[in-house]
Amino acid sequence: MATTESVDIRKVAPNAAKAVGSTIQMNLGPQHPATHGTLRFKLEVSGETIVKCDPEIGFLHTGFEKLGEYRNYNQFVVITDRANYLSPLNNNIGFAIACEDLFGITVPPRGQYLRVIMAELSRLADHVVSVGLQAMDLGAFSAMLWTFIEREKLYDIFEAVTGARLTTSWTRVGGIFRDVPADFETLVRGFLAKFPALLDEIELMLSRNKIFMDRTVGVSALTKEQAVSYGVTGPVLRATGVPYDVRRAKPYLCYSDLKFDVPIRNEGDVYARYLVRMEEMRQSVRIVEQALDKLPDGPVNSVDHKVTLPPKEMVYWDMESLIHHFKIVMPGHGIKPPQNEIYSSTEAPNGELGFYIVSDGTGLPYRIRIRPPSFYNLATFPLQTQNGLLSDAVASLSSLNIIAGELDR
Amino acid sequence: MSAAHDEGHGHGPAAAELPPGVKLAPGDPEQTWVEKLYLPEVARGLNNTFKHIFRKKFTIDYDQTDRDNPAKFHRPREGYRGEHYLKKDEDGHVKCVACFMCAAACPAECIHIEAEATPTDWNNRERYPRRFEIDMLRCIYCGMCEEACPVDAIALSTTYNLVADTREAKVYDRDKLMKTGEDLGISLSKHKYRPDGVPGAVPHKKAH
C-alpha cells in the first residue's frame, strides 16, 4: 500500500486519535489460554506497556473452606485433591500432616517414606508440566507435549498406587488408605531411570534457546526484599536468592534423613524460576531414589484404631475391630480431636502450603483455612508487570504457575 | 550440556558462600556469541525434534469396542476406583445389610438407601436394602464407601468409561449395581456371613 507523506490521524481514525497519549483498559482473561484457569486481569495499557495491573480472582470460587465445615477429617481429603489439581498428592499429604499434628499421632516409618516418595513424584509431575506450559506460553510447543508424556507416566504410577489418576484422595488421618502394590519399587525405579533424559532434553531445547532467553532473562524480576515482604514462597522465592524451603526449614515426615540440596538463583526473573524448577526436579529424583533405598517394612498406618480404620479382614470377624470401624465411620461418633487450633505447613510444588485447623472437639472441624502458595505468589504480579510489556505478563504468569483452584478456594 | 551451561557457577555467589545444603541452580543468563547467532541453536533444537518422529508413538487410538487390546484401550489394574457394583452372598441375594455406613462415609452424599426386614426365607440376616441408589453423576469415585463397608458388599470396579444418554440413566439402582458385578464376573463376595444366621461375629481364631 502506498503511503502518503503525512497522514492526519484525526481524519483517518478519529477514535484512535482520542486514545493517543492516554491509556486504555484491557482484559487479560478470564478465558485467556495463558491465565491457567479462570483468572482475570484488568490491565491499563499505554501502547504495549502495562501501566497498571489489577488481578481479579473469584471466577473459580468453589467454597472449599466452607465445605470443610460439613465434612469430617477423613472426608475433607477429597476436597484437597481439587484445590491444586496439578499436584493433588502434595495437598493430600499436607492436609494429613496437619490433621496428625492436631490429633497428636505419628505415622510409622514406612508410611512416612511412602508419603515422601509420592510427594516428590507429585512435585515432579507439577514442575515438569509447569516448565512445559511456561515453554508453551512462549511459543515452544514441542517441549510441552514431551513434558505431558512424562506426566502421563507419573499418572500411571499414581493410578496403580491410589486407584485414580488425578483425584487421588490417597491419605487418611493417621496414614494412607491402602499399602502400595507389590511392584511399586519397580514402577518408580523404571520411571526414574528414564526421567533425567527428559530433563536433559528440555534443557537442550530451552536453556540456551535464544528466543526463550530473550523472553525470560531479566523479565519480571523480583528482589529478595519484595519477595519476602509479599510472603512469596517456593521456586519464585528461591529464584530471588532466599534458600527457604519448608522441607529444610521445618522438616516434616522423614525429610531430615534424606540428603538433598535447595537450589537457588539470585536474579529473581522468569529465567531464574525456570532454572530453579529444573534443578528441583533433579533433587526430587535424588530424594525418591534415597527413600526407595531406605524404604522400611512394617505398617503404613498408625496402629491407634481410635483414629485409623482397623484392617478389613479384622472388621469382618472381630467384634472389637468392627466397633472401632463403626465409631470412626458413623457421624456423631467419628474421630474426635482435642479442642485446639493448629497451623501446619508443607512444601508444595508452588511453595508453602499451610492448613490452619480450628477444632471444637467434635467430629467436624470448626474451620479449615488453607494457605495456598498461589495466592501470595499472585499478589506480586502487579509489581512484576508494572511498566513491562504485555507479552512479558504472559511469561511472568506462567512462571508463577498459578493454580486458580487453590487461589479461590 | 554445553560448556556455556556449566559456566553458570561463575555468576552470583561462589558455592563456598552458600550455607550447606543450598545449591546454585546451574545455568547462565548471558548468551555467548554463538548463541546470539541463533541459527546454530535452531539447528540443534530441530535436530532433536526430528529425532522424535522415529520414536514410538505414546498416544493410543482409543477404541472401546476393542477392550482386550492394550494398544486400543487402557485397562486399569486391580484397585482402580471406577464404577461401583454390589456383591452377592452364596444364595444370590444382595450382600448388603443396609447399615448405612457407605452413605455416611460418602463425601459427595450420593448414596441413598431404604432398609427393610429381609423376607422370611433369607436366613442369614435381618435387614436388606429395599432401595439402593447411587447417583453416578454426583459420585466422585473416592472409594470411601468400599472402605466403610463392614460386610464386603459394595466395591469399585475398574470400569471408567461412564457414558449415558440421559441423567436418569446414571442413577444406578440396586439391580443395575448387582448386574454390573455379574457382567464383570466378580459379584460373589469372598466373605461369608456367620453360618448360624445370628448377627454379629464368630469368635476369632487368630491370636493377635
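Residues numbered from 1 in each chain as written. Chains lettered and ligands numbered in written order. Predicted model: local features only at pLDDT ≥ 70, side-chain atom pairs only at ≥ 80, totals over all residues. Heavy atoms only, no water.

## A closer look at unusual backbone geometry
Residue and element names in this part refer to chain B.
Part 1: Phi is positive for Ala 98, close to 55 degrees, though the residue is something other than glycine.
Part 2: Turning to its location among the elements, Ala 98 is positioned in the loop between strand E2 (84-86) and helix H4 (101-105).
Part 3: With phi around 70 degrees, Phe 100 is a residue other than glycine that occupies positive phi space.
Part 4: Mapped onto the secondary structure, Phe 100 falls in the loop between E2 and H4. (Helix = DSSP H or I, 4+ residues; strand = E, 2+ residues; numbered from the N terminus.)

## Things to note about the interface of chain B and chain A
Part 1: Contacts between the two partners involve 62 residues from chain B and, on the opposite side, 68 residues from chain A.
Part 2: Of the roughly 5400 Å² buried where chain B meets chain A, counting both sides, 57% is carbon and sulfur surface.
Part 3: The three residues of chain B that bury the most area against chain A are Arg 77, Arg 81 and Glu 147 of chain B, which together make up 12% of that side's buried surface.
Part 4: Along the contact surface separating chain B from chain A lie 5 salt bridges.
Part 5: Here Asp 183 of chain A and Arg 77 of chain B are joined by a salt bridge, their closest N and O atoms 2.9 Å apart.
Part 6: Remark: the boundary between chain B and chain A carries 30 residue pairs in polar contact (both at pLDDT 80 or more).
Part 7: For the side of chain B that touches chain A, the per-class residue count stands at 30 nonpolar, 17 polar and 15 charged.
Part 8: Two strands pair when backbone bridges link them, and strand E6 (residues 262-264) of chain A and strand E1 (residues 22-24) of chain B are joined in this way by 3 bridges, in the parallel orientation. Looking at the pairing, Val 262 of chain A lines up with Val 22 of chain B of E1 of chain B. (Contact = heavy atoms within 4.5 Å. Buried area = accessible area lost by both parts, 1.4 Å probe. Salt bridge = Lys/Arg side-chain N within 4 Å of Asp/Glu carboxyl O. Polar contact = N/O pair within 3.5 Å; in protein donor to acceptor, adjacent residues only side chain to side chain. Nonpolar A, V, L, I, M, F, W, Y, C, P; charged D, E, K, R; others polar. Pairing = 2+ DSSP bridges.)

## Observations regarding the domain arrangement of chain A
Interfaces are often sized by the accessible area lost when the parts come together.
All names here are of chain A.
Part 1: For chain A, the assigned domains are domain 1 (9-56) and domain 2 (64-408).
Part 2: Here the C-alpha centre of domain 2 lies 35 Å away from the C-alpha centre of domain 1.
Part 3: Domain 1 puts 15 residues into the contact, and the matching count from domain 2 is 19 residues.
Part 4: The contact between domain 1 and domain 2 buries some 1500 Å² in all, and 69% of this surface belongs to carbon and sulfur atoms.
Part 5: Together, His 36, Glu 48 and Ile 50 form the three largest contributors to the area buried by domain 1 at its contact with domain 2, with a combined 38%.
Part 6: Listed by contribution, the elements that provide at least two residues to the side of domain 1 that touches domain 2 are strand E2 (40-46) and strand E3 (49-56).
Part 7: With 5 residues, the single largest contributor to the side of domain 1 that touches domain 2 is E3.
Part 8: Here the side of domain 1 that touches domain 2 is built from residues that sort into 9 nonpolar, 5 polar and 1 charged. (Domains from an automatic or database assignment.)

## Focus on the pattern of salt bridges
Pairing between side chains of opposite charge can happen when their charged atoms approach one another.
All names here are of chain A.
Part 1: Summed over the entire model, instances satisfying the criterion amount to 40 salt bridges over all chains.
Part 2: The salt bridge involving Asp 293 is made with Arg 189; its shortest N-O contact spans 2.7 Å. With Asp 293 in helix H13 (residues 270-294) and Arg 189 in helix H8 (residues 184-207), this pair connects stretches of sequence that are 104 residues apart.
Part 3: Using a relative accessible area of 59% as the deciding quantity, one classes Asp 293 as exposed.
Part 4: For Arg 189, a relative accessible area of 30% corresponds to the partly exposed category.
Part 5: Through salt bridges that share partners, Glu 120, Arg 123, Arg 238, Asp 245, Arg 247, Glu 280 and Glu 347 make up one connected network. (Buried < 20%, exposed > 50% of the residue type's maximum accessible area, 1.4 Å probe, protein only.)

## Observations regarding the sheet that holds strand E7 (residues 340-348) of chain A
Residues and elements named next belong to chain A.
Part 1: Here we have 3 strands laid out as an open sheet, ordered E7-E8-E9, and antiparallel in their pairing. Because the sheet does not close on itself, it has two edges, and the strands there are E7 and strand E9 (367-371). Strand-to-strand twist of the sheet, defined as the mean angle between neighbouring strand axes without regard to direction, takes the value 15 degrees.
Part 2: With 9 bridges connecting them, E7 and strand E8 (residues 351-359) associate as antiparallel partners. Of the residues in E8, the one forming a bridge with Glu 347 is Glu 352. (Axes fitted to C-alpha atoms, helices over the stretch in contact; angles between N-to-C directions.)

## Considering the pairing of E2 of chain A
Residues and elements named next belong to chain A.
Part 1: By the bridge criterion, 5 bridges tie strand E1 (residues 24-28) to E2 in an arrangement that is antiparallel. Pairing of Leu 28 across the sheet is with Phe 41, part of E2.
Part 2: Direction of pairing for E2 relative to E3: antiparallel, over a ladder of 7 bridges. Across the sheet, the residue bridging to Ser 46 is Thr 49, located in E3.
Part 3: Counted between consecutive antiparallel strands, the loop separating E2 from E3 contains 2 residues, among which Gly 47 sits at a positive phi close to 65 degrees.

## A few points about the packing of aromatic side chains
Part 1: As enumerated under the stated definition, the model contains 16 aromatic pairs over all chains in all.
Part 2: For the pair Phe 73 of chain B and Tyr 160 of chain B, a centre-to-centre distance of 5.7 Å together with 20 degrees between the ring planes defines the contact as stacked. Remark: Tyr 160 of chain B occurs in the loop between strand E5 (154-156) and strand E6 (171-172) and Phe 73 of chain B occurs in the loop between helix H3 (39-51) and E2; sequence separation between them is 87 residues.
Part 3: Here the aromatic residues Tyr 62, Phe 73, Tyr 80 and Tyr 160 of chain B are joined through ring pairs into a cluster of three or more.
Part 4: The cationic tip of Arg 247 of chain A hangs over the ring face of Tyr 255 of chain A; the distance from NZ or CZ to the ring centre is 5.9 Å.
Part 5: One Lys or Arg, Lys 176 of chain B, reaches over the ring of Tyr 172 of chain B and ends 4.8 Å from the middle of that ring. (Phe/Tyr/Trp six-rings, centres within 6.5 Å; stacked < 30°, edge-to-face > 60°. Lys NZ or Arg CZ within 6 Å of the ring centre and 35° of its normal.)

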